[in-house]
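Read off the chains here:
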Amino acid sequence: MNPYKFYISSENEGKVKEILKFLHEEIRPPFSANVLTLNSLDESQKNKYNPVENGISFLENARIKARALYSILREPVLADDSGLEVDALNGEPGVFSSRYEKTDELRIGRLLRELTDFQQQMRSARFISCLCFIDKFGNEIFFNGKVEGIIIDQPRGNHGFGYDPVFYYPPLNKTFGELTPDEKQNVSHRSHALKLFVHFLAKYIEFSA
Ligand code: IMP
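Here goes a summary of the coordinates provided. These numbers come from a predicted model, not from an experiment.

**Quick notes on the pairing of strand β5 (residues 140-151)**
Note: strand β4 (residues 124-134) against β5, 11 bridges, orientation antiparallel. Among the inter-strand pairings, C130 is bridged to a residue of β5, identified as N144. Counting the residues between successive antiparallel strands, the hairpin from β4 to β5 contains 5 residues, one of them, G138, with a positive phi of roughly 95°. In this structure, β5 lies alongside strand β6 (residues 167-169), joined through 2 bridges in antiparallel fashion. From the neighbouring strand, I150 faces β6, where its bridge partner is Y168.

Put into structure tokens, the structure is as follows:
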């Protein structure tokens, strides 16, 4: 069986790295996949790629990113929209997680300032991932994952990306920033969604062969 080729529609390096690692390890024989990133687009395709993430939900933004690439290539694509929901902030930064501030450091700084007056028991939060897959015919399907944690008041660890250093995960007594890539892969929101996607993809390939 030929490897099933599809593209990841994401400009976020940390995210792409995690998705590639997961897919590389979890798509197993008899299935195989050739997973490409935006790096394999030619210049004119790159210039056309411009997803405007103005949706009001993770699902809408995942769809916008997947459609942006599908409309250029007409080939199967996978996109992830993800973010951090903090209960004490009424779910913010949520879909605005990447636009909360300009850099990861500034985003974490703002988050900690907003939470200054909240004690640990009031700092519950979750990471959410919504994946949108579009097949070569333009059919779309979504997969969701989440993981619960607590926002601590000082960054810890330098693994991962984004809000990982302030997202404390009680079952492992570590922040996501302190987890190795393998440890994060076992428990993350993105992995939960990717697991569902890989399960779907195996069936999809089997029945389209
Ligand atoms: P997106 O590329 O618009 O989906 O942005 C997602 C943003 O949410 C990222 O830029 C991070 O700030 C945050 N985020 C999503 N997933 C993770 C994660 O696994 N760890 C840390 N931050 C994350």
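**Observations concerning the pattern of salt bridges**
For the structure shown, the criterion picks out 22 salt bridges. The partner of D182 in a salt bridge is K21, with the nearest N and O atoms 2.4 Å apart. Of the two residues, D182 is situated in helix α5 (residues 181-187) and K21 in helix α1 (residues 13-26); the sequence distance between them amounts to 161 residues. Exposure remark for K21: the relative accessible area of 22% places this residue in the partly exposed category. Ionic pairing is found between R110 and E114, a salt bridge with its closest N-O pair at 3.3 Å. In this pair, R110 and E114 both sit in helix α4 (residues 104-114), 4 residues apart, roughly one turn of the helix. Looking at R110, the relative accessible area reads 24%, which means it is partly exposed. The network of salt bridges with common partners includes K15, E18, D80, D164, K184 and R190.

**Description of the layout of surface pockets**
Size it by volume and the largest pocket reaches roughly 480 Å³. Lining the largest pocket are 26 residues; nearest its centre among them are N12, K15, S82, S98 and F161. It is strand β3 (residues 77-86) that contributes the most residues to the lining of the largest pocket, 4 residues altogether. As a volume, the second largest pocket reaches approximately 300 Å³. Those elements that place two or more of their residues in the lining of the second largest pocket are α1, α5 and α6 (189-208). Top contributing element to the lining of the second largest pocket by residue count: α1, with 5 residues. Class assignment of the residues belonging to the lining of the second largest pocket gives a composition of 6 nonpolar, 7 polar and 5 charged.

What counts as what
Residues numbered from 1 in each chain as written. Predicted model: local features only at pLDDT ≥ 70, side-chain atom pairs only at ≥ 80, totals over all residues. Heavy atoms only, no water. Pairing = 2+ DSSP bridges. Helix = DSSP H or I, 4+ residues; strand = E, 2+ residues; numbered from the N terminus. Salt bridge = Lys/Arg side-chain N within 4 Å of Asp/Glu carboxyl O. Buried < 20%, exposed > 50% of the residue type's maximum accessible area, 1.4 Å probe, protein only. 1 Å grid on protein atoms, 1.4 Å probe; cavity = no way out; pocket = protein on both sides within 12 Å on 5 of 7 lines; lining within 4 Å. Points joined across faces, edges and corners; volume = space filled by probe spheres on them. Nonpolar A, V, L, I, M, F, W, Y, C, P; charged D, E, K, R; others polar.

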